[in-house]
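# Descriptive analysis of the structure
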Amino acid sequence: MAIKEIIKMGHPLLLEKATSITEFDTPELHKLIEDMIETMDEASGAGLAAPQVGEGIQLVIFGHDTERYPEDDSVPFTVLINPIITPSTKETEDGWEGCLSVPGMRGLVPRFKKINYKGFDQFGKPINIDAEGFHARVVQHECDHLIGMLYPLRIKDLRFFGFEDTLFSE
Ligand code: NI
């Protein structure tokens, strides 16, 4: 296992579309996922997308991190490949997000309240999950990385974008 460097907003790879994965259960894929898990844990993240570690492929991992998001424990650890997200409602809700590629910042982002997501795990086993709330938010955030979309681009009102230590300093 190895901790990877997380690339930051401003790097062109974060604005590119990731390519789909055609080969599952390979040593290279397992190694990358192990490294991504270690990298996400070390950074206390709730999720990490392959482009954030310099790999432009459709792979994300996510799962609850109790240190960073103590208020919520609803996100099961998941490896998700070639994801397809379908909103289950038109309803959106605003929530604060951060991103390991945008360190120190938080922004208020609208996301669909309920979604269905499909894809595959690292062995090629199909995934088909209905999610809502924070779980749905995390999946939408991570999968956005695969279409070159960073959360600041989704903020509706940039007054609600700022440094975490200042926004939440009360
Ligand atoms: Ni992110």
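Residues numbered from 1 in each chain as written. Predicted model: local features only at pLDDT ≥ 70, side-chain atom pairs only at ≥ 80, totals over all residues. Heavy atoms only, no water.

Scanning the protein for helices and strands turns up 3 helices and 8 strands. Scaling as 2.2 N^0.38, a compact globule of 170 residues should have a C-alpha radius of gyration of about 15 Å, and the protein matches this with 15 Å. Among the 170 residues that make up the protein, the fraction classed as buried is 48%. A separation threshold of at least 6 residues defines the contact pool for the protein, and within that pool the share at least 24 residues apart is 65%. Approximately 9,000 Å² of the protein is accessible, and the part contributed by carbon and sulfur atoms is 53%. Each charge sign in the protein was given a centre, from 16 positive and 29 negative side chains, and these centres are 8 Å apart. (Helix = DSSP H or I, 4+ residues; strand = E, 2+ residues; numbered from the N terminus. Rg over C-alpha atoms; globule rule 2.2 N^0.38 Å. Buried < 20%, exposed > 50% of the residue type's maximum accessible area, 1.4 Å probe, protein only. Contact = heavy atoms within 4.5 Å. Areas by Shrake-Rupley, 256 points an atom, 1.4 Å probe, with all protein chains shown as cover. Lys, Arg positive; Asp, Glu negative; His and termini not counted. Charge placed at Lys NZ, Arg CZ, Asp CG, Glu CD.)

Within the largest apolar cluster, 16 residues are counted, with the highest numbers of intra-cluster contacts made by V60, F62, L80, I115, Y117 and V139. Of all the elements, helix α2 (residues 133–144) adds the most residues to this core, at 5 residues. I33, M40, L59 and I61 belong to the second-largest nonpolar core, a separate cluster that totals 15 residues. (Core = buried A, V, L, I, M, F, W, Y, C linked by side-chain atoms within 4.5 Å.)

Once that is clear, we can look at unusual backbone geometry. Glycine aside, residues mostly have negative phi angles, and peptide bonds mostly take the trans form. The phi dihedral of D25 is positive, around 55°, even though this residue is not glycine. Topologically, D25 is positioned in the segment before α1 (27–42). Judged by relative accessible area, D25 falls into the partly exposed class, the value being 44%. With phi around 50°, N82 is a residue other than glycine that occupies positive phi space.

Here T26 shows up in the segment before α1. Its relative accessible area of 16% is what places T26 among the buried residues. At 3.1 Å, the side chain of T26 forms a polar contact with the backbone nitrogen of L29. (Polar contact = N/O pair within 3.5 Å; in protein donor to acceptor, adjacent residues only side chain to side chain.)

What follows concerns the sheet that holds strand β2 (residues 59–62). With respect to topology, 5 strands assemble into an open sheet ordered β1-β2-β3-β6-β7, the strand pairing being antiparallel. The sheet is open, and its two borders are formed by β1 (47–49) and β7 (126–132), each paired with just one other strand. Strand after strand, the sheet turns through a mean of 40° between neighbouring axes, direction not considered. Where strand β3 (residues 78–87) lies against strand β6 (residues 114–120), 5 bridges are found, and the strand directions are antiparallel. By the bridge assignment for β6, P87 is matched with I115. Lying on the sheet, α1 is in contact with β1, β2 and β3; it crosses β2 at an angle near 40°. (Pairing = 2+ DSSP bridges. Axes fitted to C-alpha atoms, helices over the stretch in contact; angles between N-to-C directions.)

Before going further, it helps to examine the pattern of salt bridges. Applying the stated criterion across every chain, the model contains 8 salt bridges. Among the ionic pairs, E97 bridges to R111, the shortest N-O distance being 2.8 Å. One end of the pair, E97, is in strand β4 (residues 92–97); the other, R111, is in strand β5 (residues 105–112), with 14 residues separating them in the sequence. Accessibility classification places E97 together with R111 in one group, the buried group. The residue R154 makes a salt bridge to D144 at a minimum N-O spacing of 2.7 Å. Of this pair, R154 sits in the loop between α2 and β8 (161–163) while D144 is found in helix α2, placing the two residues 10 residues apart along the sequence. (Salt bridge = Lys/Arg side-chain N within 4 Å of Asp/Glu carboxyl O.)

Don't take any of this as a statement about function, it's just geometry.
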